[in-house]
Amino acid sequence: MASATKAALARLRAAKIDGRTENVRYRQSQLQYLHRELIAIQDELRAAIRKDTSVSEAEADVEFAAGMTCVKDTYETLDFDKSLSDEYSVARGQDFTQRRRGVGLVYVKTGIDFPFFSVLAPLAAAIAAENCVLVQVNADLRYLPGLLKQAIGKALDPDAVAVIDDDVSDETLFTEAVIVDQRPEPHAPLRVNVLASRGKSRVVAVVDRSADVEAAARSLVRARLAYNGRSSYAPDLIVVNEFVKKPFLEATARLINAYSDAGPSRRATASKQIEADPSSKVEASGDAGLVVDVSSRSSPLLQSKISEPALLVTATTSLEDAIDYLTASLSKSQSSESETTYLASYIFANPPTAKYLSQFIPSSASFINHIPSDLLIGPAAPYFPQQPLDVTRRYTPEMFSMCSPEIAQTSPPAAKAAFALFGESSGQVQPKEALSAKQLAELAAQPLKPTGQPLQHAKIGFFEQGILIGLGTAATPILLTLGTGLYFGVRALWSRFH
């Protein structure tokens, strides 16, 4: 580890101890300075994004806008007046149950794709959450890291934020800090203090026969080919109902020929890798990419994460077939040893069908009949089940803070329990609300409120219902015969005696 990195870590640890990042005005100022400095060199930054990642001018501009939006949106989560009021809640005898405090130190290891967004998104969130931040930029890039290092160094407090190029070998850091790892090692175990991007987890799309096929093709082609096909949220596998497979392939072929943002060299590389598969058939190809029909579900192409401008399509026969195949495919994935859910799923179908599919396809997030453009920018979201995916920012201040509630008042259940244990000396409840320990236990033992479901129906399970329906179906003709015979028998007797 370089001496400059050691010195930077020492400064960050000292700033963490003196608590300088706790003041909300300080954090607001830091984000203000950062935003202002980045705006001042925006032309150079956008040009560097284009050179380092070989994307189009429009794509570079969109990534720049997305990164700046992260800074702006995160800045707006800081409310000085509310923060001040919350801070003095206990002084007013009130609870502050939503209090959070920063983890103290954050270490960000950025990836190679979307290098501008990938730095700013976690940096802004970590600053807003009261932390000192160490950012390691990707040394494989030529232009952008130097600009970012210069801008961040000029705008932010050097004792609270540092940007480095080399790896960190300080083992203590990996236990005391929250680690943002945008390029985790394959099969790396999950750790509580590591926000590891799930960049190797696959993204799937389902096109049902009830879908708007043209709209589905347009969304999927754009998502797969944008940013040279390197978005973590581009669809890796597209499952199409066999009844609409032909029109879907025709639509994607038209669209891919019209798409012109990617270069021909990228398409040539993709075709060499994919055409070698014996079960694949290239349905359309162009300078932007290609569409491949994969006939065999055992093809390794369908089990891998891809980073190429290619749409891999396979057919299914029904909703159940699609669900069964995609569920089974998770266990066969070559992308991640522990992949239990897809990174995302895109469902193109009418609303009832989409509800059914999204309910049974294991996915961290499902998108119905659309693919958000901002989702395609940046690293894959880290594994963080405590909150839903933030499509725009990807990282939030909550990821870099912990709950630390302040309780000033005794809750009614606690007050009653205190009286039951200690009697009037507890001073917790009014006499009319006081209960003895026995009364408290009897009250707790009362039955729960009814569900509102008829009891008889609740006792009849799925199989029992099937048996009853079967018995009813079989008994109907017998009962009709008996009823008819009884009717004519009674009528004959009546006629005989009258």
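Calculation notes
Residues numbered from 1 in each chain as written. Predicted model: local features only at pLDDT ≥ 70, side-chain atom pairs only at ≥ 80, totals over all residues. Heavy atoms only, no water. Pairing = 2+ DSSP bridges. Helix = DSSP H or I, 4+ residues; strand = E, 2+ residues; numbered from the N terminus. Axes fitted to C-alpha atoms, helices over the stretch in contact; angles between N-to-C directions. Contact = heavy atoms within 4.5 Å. Parallel < 35°, antiparallel > 145°, perpendicular 65-115°, else oblique. Left-handed = near helix turned anticlockwise from the far one by under 90°. Nonpolar A, V, L, I, M, F, W, Y, C, P; charged D, E, K, R; others polar. Phe/Tyr/Trp six-rings, centres within 6.5 Å; stacked < 30°, edge-to-face > 60°. Salt bridge = Lys/Arg side-chain N within 4 Å of Asp/Glu carboxyl O. Buried < 20%, exposed > 50% of the residue type's maximum accessible area, 1.4 Å probe, protein only. Expected span 1.5 Å × (residues − 1). Core = buried A, V, L, I, M, F, W, Y, C linked by side-chain atoms within 4.5 Å.

### Looking at the sheet that holds strand β2 (residues 105-109)
Strand order in the open sheet formed by 5 strands is β4-β3-β2-β5-β6, and the pairing between neighbours is parallel. Since the sheet does not close on itself, it has two edges, and those belong to β4 (161-164) and β6 (194-196), each with one partner. The sheet shows a mean angle of 15 degrees between the axes of neighbouring strands, direction not considered. Sheet analysis places strand β5 (residues 178-181) next to β6, joined by 3 bridges and oriented parallel. Within β6, the position partnered with Ile-179 by the bridge is Val-194. On the sheet, helix α1 (residues 3-18) packs against β2, β3 (132-136) and β4 and is oriented at approximately 160 degrees with respect to β3. Packed onto the sheet, helix α6 (residues 115-128) meets β2, β3, β4 and β5 and runs at close to 170 degrees relative to β3.

### Topic: the packing of α6 against helix α7 (residues 144-155)
Following both chains from N to C, one finds α6 and α7 inclined at 30 degrees, their axes separated by 10 Å at the closest point. Classified by the angle between their axes, α6 and α7 sit roughly parallel to one another. Crossing of α6 against α7: the hand is right-handed. Facing α6, whose interface residues are Pro-115, Phe-116, Val-119 and Leu-123, α7 presents Leu-144, Leu-148 and Ile-152. Residues of the contact of α6 with α7, tallied by class, amount to 7 nonpolar, no polar and no charged.

### As for the packing of aromatic side chains
Aromatic rings considered in pairs are described by the distance between their centres and by the relative angle of their planes. Counted under the stated rule, the structure contains 6 aromatic pairs. Both rings, one in Phe-114 and one in Tyr-227, keep their centres 5.0 Å apart while their planes meet at 65 degrees; by these two values the pair is edge-to-face. With Phe-114 in the loop between β2 and α6 and Tyr-227 in the loop between α9 (213-225) and β8 (237-241), this residue pair connects regions lying 113 residues apart in the sequence.

### Details of the pattern of salt bridges
Within the structure shown, the criterion is met by 21 salt bridges. With its nearest N and O atoms 3.4 Å apart, the salt bridge here joins Asp-159 to Arg-20. Linking Asp-159 in the loop between α7 and β4 with Arg-20 in the loop between α1 and α2 (24-40), this pair joins segments that are 139 residues apart in sequence. For Arg-20, a relative accessible area of 29% puts it in the partly exposed group. Bridged by salt links that share partners, the residues Arg-11, Asp-18, Arg-20, Asp-157 and Asp-159 form one connected network.

### So, unusual backbone geometry
Positive phi, close to 50 degrees, is recorded for Phe-114, a residue that is not glycine. In this model, Glu-130 sits at a positive phi of 80 degrees, which is unusual for a non-glycine residue. With respect to the helices and strands, Glu-130 occurs in the loop between α6 and β3.

### Examining helix α3 (residues 42-53)
Look at α3: 17 Å from first C-alpha to last across 12 residues, which is about the 16 Å you get at 1.5 Å a residue. Tucked into the core, α3 has its buried residues touching α2, α4 (57-75), α6 and α7. Positive phi shows up at Ser-54, right after α3, with a value of about 60 degrees.

### Section: the sheet that holds strand β12 (residues 344-348)
Taking strand neighbours across the sheet as the criterion, the 7 strands line up as β9-β10-β11-β8-β7-β12-β13 in an open arrangement whose pairing is mixed. Of all strands in the sheet, those with a lone pairing partner are β9 (280-285) and β13 (366-368), marking the two edges. Ignoring strand direction, the axes of neighbouring strands in this sheet form an average angle of 25 degrees. Two strands pair when backbone bridges link them, and strand β10 (residues 290-294) and strand β11 (residues 310-316) are joined in this way by 4 bridges, in the parallel orientation. Residue pairing across strands places Val-292 opposite Leu-312, the latter belonging to β11.

### A word on the nonpolar core
Grouped together as the largest cluster of nonpolar side chains are 111 residues, with contacts concentrated most on Phe-116, Leu-123, Val-207, Leu-220, Tyr-346 and Phe-400. When residues in this core are grouped by element, the largest group, 11 residues, is from α6. Once residues lying within four places of it in the same chain are set aside, the contact partners of Val-207 are Ala-216, Leu-220, Ile-238, Val-239, Val-240, Asn-241, Val-244, Phe-248 and Phe-348. Within the second largest apolar cluster, 24 residues are counted, among which are Val-239, Leu-312, Leu-357 and Ile-361.

### A few points about the pairing of β5
Covered by surrounding structure in β5 are Val-178 and Val-180 together with Ile-179 and Asp-181, the residues of both alternating faces. In this structure, β2 lies alongside β5, joined through 4 bridges in parallel fashion. Along β5, the bridge assignment pairs Tyr-107 with Ile-179.

### Section: the side chain of Glu-63
Within the secondary structure, Glu-63 sits in helix α4. For Glu-63, the residues in contact, after removing those within four places along its chain, are Ile-49, Phe-114, Pro-115, Phe-116, Phe-117 and Ile-377.

### Examining the environment of Leu-123
Looking at the secondary structure, you find Leu-123 in helix α6. In this structure the C-alpha to C-alpha distance between Leu-123 and Val-71, which are 52 residues apart in sequence, comes to 8.6 Å.

### Quick word on the packing of α2 against α7
Packing of α2 against α7 brings their axes to within 9 Å, and their N-to-C directions diverge by 140 degrees. Relative to α7, α2 is oriented oblique. Note that α2 runs across α7; the crossing there is right-handed. Counting all contacts with α2, which are made through Tyr-33, Leu-34, Glu-37 and Leu-38, the residues of α7 involved are Leu-148, Ala-151, Ile-152, Lys-154 and Ala-155. Residue composition of the contact of α2 with α7, by class: 7 nonpolar, no polar and 2 charged.

### Things to note about the side chain of Glu-130
Note on Glu-130: relative accessible area 19%, which makes it buried. The residues touching Glu-130, leaving out its near neighbours within four places in the chain, are Thr-21, Glu-22, Arg-27, Arg-100, Arg-101 and Gly-102.

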